[in-house]
Amino acid sequence: MTQRTSTRRARALTTGALGLGVLIPGVAAASPAAAATTPAVSCTSSKAALATKLQKDITAALANRTGTVSVGLYDRSTNTTCSLRATSSYDSASAVKVAVLATLLWDAKKHNRYLTDTEASLAKAMITKSDNDATSKLWKQLGLTKINGFLSAAGMTKTVPGANGYWGLTQINVTDEQKLLKLITAPNTVLSDNSRAYILKLMSQVISSQRWGTPYGAPSGVSVHVKNGWLQRSTHGWRVHSLGTFSGGGHDYMITVLTWGNSTMKYGIDTIQGVAKVIHRDLAAS
């Protein structure tokens, strides 16, 4: 009994470290699928000139960066989509926390109930401060059946929840993260309007020290909602990710940037912000 309790405690401590850049030895690292040739940024838009400019500028922003980077952009206003390595899988780190909150709200809706005060407190800490203990409690409460149920309802078919409580090792890709961001920014049958507003509210209240990444360079007057993830592992360095949704200035768009193979957390942040800066600039000028 004592040994089992110690094992559970050790697992909880390790899981709680996910997303905070702690090394996790002994767990195999997932690898984004290697391509035979370096993939090119692909953009389409109802404004042909915008697609051309975005493709050129995102490519230039990544030209001298090391590591592996995946990018997703979708702007409803101009029907613009950009993608790079959209199906490559990454360890989620804390980026998975948006999906955890969405699962909680989806399940509550199914049972026609409001969140409890405890759930609301955990959700706020999980998103606004990236609190890992709060995430572990919600992950355990929900369980893989409900989490997989939400992922199926959301069409996030390539997202694989981390096993044995390791939520930060959930496998995510740009395609599925963009599906999630689309769900929380427009009416749909999966999440209620109140649930969507709640998620966006918490993403708009992320503490200042964690508001890096995709918001970088967003024009003043544009509403910003963000959730980031960061995790160092014993192979392939830092995973650094940023999910953001933006509305205003005649645009309604979302950006996902996933990275790994970064020498430091700052290097990954700089890579993401280089991409975000040109996207915000090009959309604002369009």
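Reference entry: report on the structure contained in this document. Computed from a prediction, not measured in an experiment: that's the story for all the values here.

**A look at the packing of aromatic side chains**
Scanning the entire structure with this criterion turns up 3 aromatic pairs. Judged by centre distance (6.1 Å) and plane angle (65 degrees), the rings of Trp-106 and Phe-150 are edge-to-face. One end of the pair, Trp-106, is in helix 3 (residues 97-110); the other, Phe-150, is in helix 5 (residues 132-153), with 44 residues separating them in the sequence. Comparing Trp-106 with Phe-150 shows no difference in burial state: the two are buried.

**Structural notes on the pairing of strand 3 (residues 80-84)**
A one-sided burial pattern is seen for strand 3, the buried positions being Thr-80, Cys-82 and Leu-84 and the unburied ones Thr-81 and Ser-83. Relative to strand 3, strand 1 (residues 42-44) runs antiparallel, the two sharing 3 bridges. Bridge pairing in strand 3 links Thr-44 to Thr-81. Taken together, the 5 bridges between strand 2 (residues 68-75) and strand 3 define a ladder with antiparallel strand orientation. When the bridges of strand 3 are listed, Asp-75 appears paired with Thr-80. In this antiparallel pair of consecutive strands, strand 2 and strand 3, the connection spans 4 residues, and Asn-79 shows a positive phi of 50 degrees.

**Some points on the sheet that holds strand 1**
A sheet is described by the order of its strands in space; here 6 strands give the open sequence 1-3-2-8-7-6, paired in antiparallel fashion. Taken across any chain shown, the strands that pair with only one partner, and hence form the sheet edges, are strand 1 and strand 6 (223-232). Neighbour to neighbour, the strand axes of the sheet diverge by 5 degrees on average, direction disregarded. Sheet analysis places strand 7 (residues 238-248) next to strand 8 (residues 251-262), joined by 10 bridges and oriented antiparallel. Residue pairing across strands places Ser-242 opposite Val-257, the latter belonging to strand 8. Running over the sheet, helix 2 (residues 48-62) touches strand 1, strand 2 and strand 3 and is turned about 30 degrees from strand 3.

**Remarks on the packing of helix 6 (residues 174-185) against helix 7 (residues 193-204)**
Here helix 6 crosses helix 7 at 110 degrees, and the two axes come no closer than 8 Å. Compared by their axis directions, helix 6 and helix 7 come out roughly perpendicular. Mapping the contact onto sequence places Leu-183, Ile-184 and Thr-185 in helix 6 and Arg-196, Ile-199, Leu-200 and Met-203 in helix 7. Residue classes in the contact of helix 6 with helix 7 are distributed as 5 nonpolar, 1 polar and 1 charged.

**Focus: the nonpolar core**
Residues Leu-101, Phe-150, Leu-180, Ile-184, Leu-191 and Ile-199 are the most contacted members of the largest nonpolar core, which totals 48 residues. At the level of elements, helix 3, helix 4 (117-128), helix 5, helix 6, helix 7 and strand 8 are the ones that each hand at least two residues to this core. With 9 residues, helix 3 is the largest single contributor of residues to this core. Leave out the neighbours within four places in its chain, and Leu-191 touches Ala-102, Trp-106, Lys-109, Phe-150, Leu-183, Ile-184, Arg-196 and Ile-199. One finds Cys-43, Val-71, Val-240 and Val-275 within the second-largest nonpolar core, a separate group that totals 28 residues.

**A closer look at the side chain of Thr-80**
Among the secondary structure elements, Thr-80 is positioned in strand 3. Its relative accessible area of 0% is what places Thr-80 among the buried residues. Polar side-chain contacts of Thr-80 include one of 2.7 Å to the side chain of Ser-45. A polar atom in the side chain of Thr-80 sits 2.6 Å from the side chain of Thr-78. Setting aside residues up to four positions removed in sequence, Thr-80 forms contacts with Thr-44, Ser-45, Leu-50, Leu-54, Leu-73, Tyr-74 and Asp-75.

Cut-offs and rules
Residues numbered from 1 in each chain as written. Predicted model: local features only at pLDDT ≥ 70, side-chain atom pairs only at ≥ 80, totals over all residues. Heavy atoms only, no water. Phe/Tyr/Trp six-rings, centres within 6.5 Å; stacked < 30°, edge-to-face > 60°. Helix = DSSP H or I, 4+ residues; strand = E, 2+ residues; numbered from the N terminus. Buried < 20%, exposed > 50% of the residue type's maximum accessible area, 1.4 Å probe, protein only. Pairing = 2+ DSSP bridges. Axes fitted to C-alpha atoms, helices over the stretch in contact; angles between N-to-C directions. Contact = heavy atoms within 4.5 Å. Parallel < 35°, antiparallel > 145°, perpendicular 65-115°, else oblique. Nonpolar A, V, L, I, M, F, W, Y, C, P; charged D, E, K, R; others polar. Core = buried A, V, L, I, M, F, W, Y, C linked by side-chain atoms within 4.5 Å. Polar contact = N/O pair within 3.5 Å; in protein donor to acceptor, adjacent residues only side chain to side chain.

Everything listed here is a matter of coordinates, which is why it stays silent on function.
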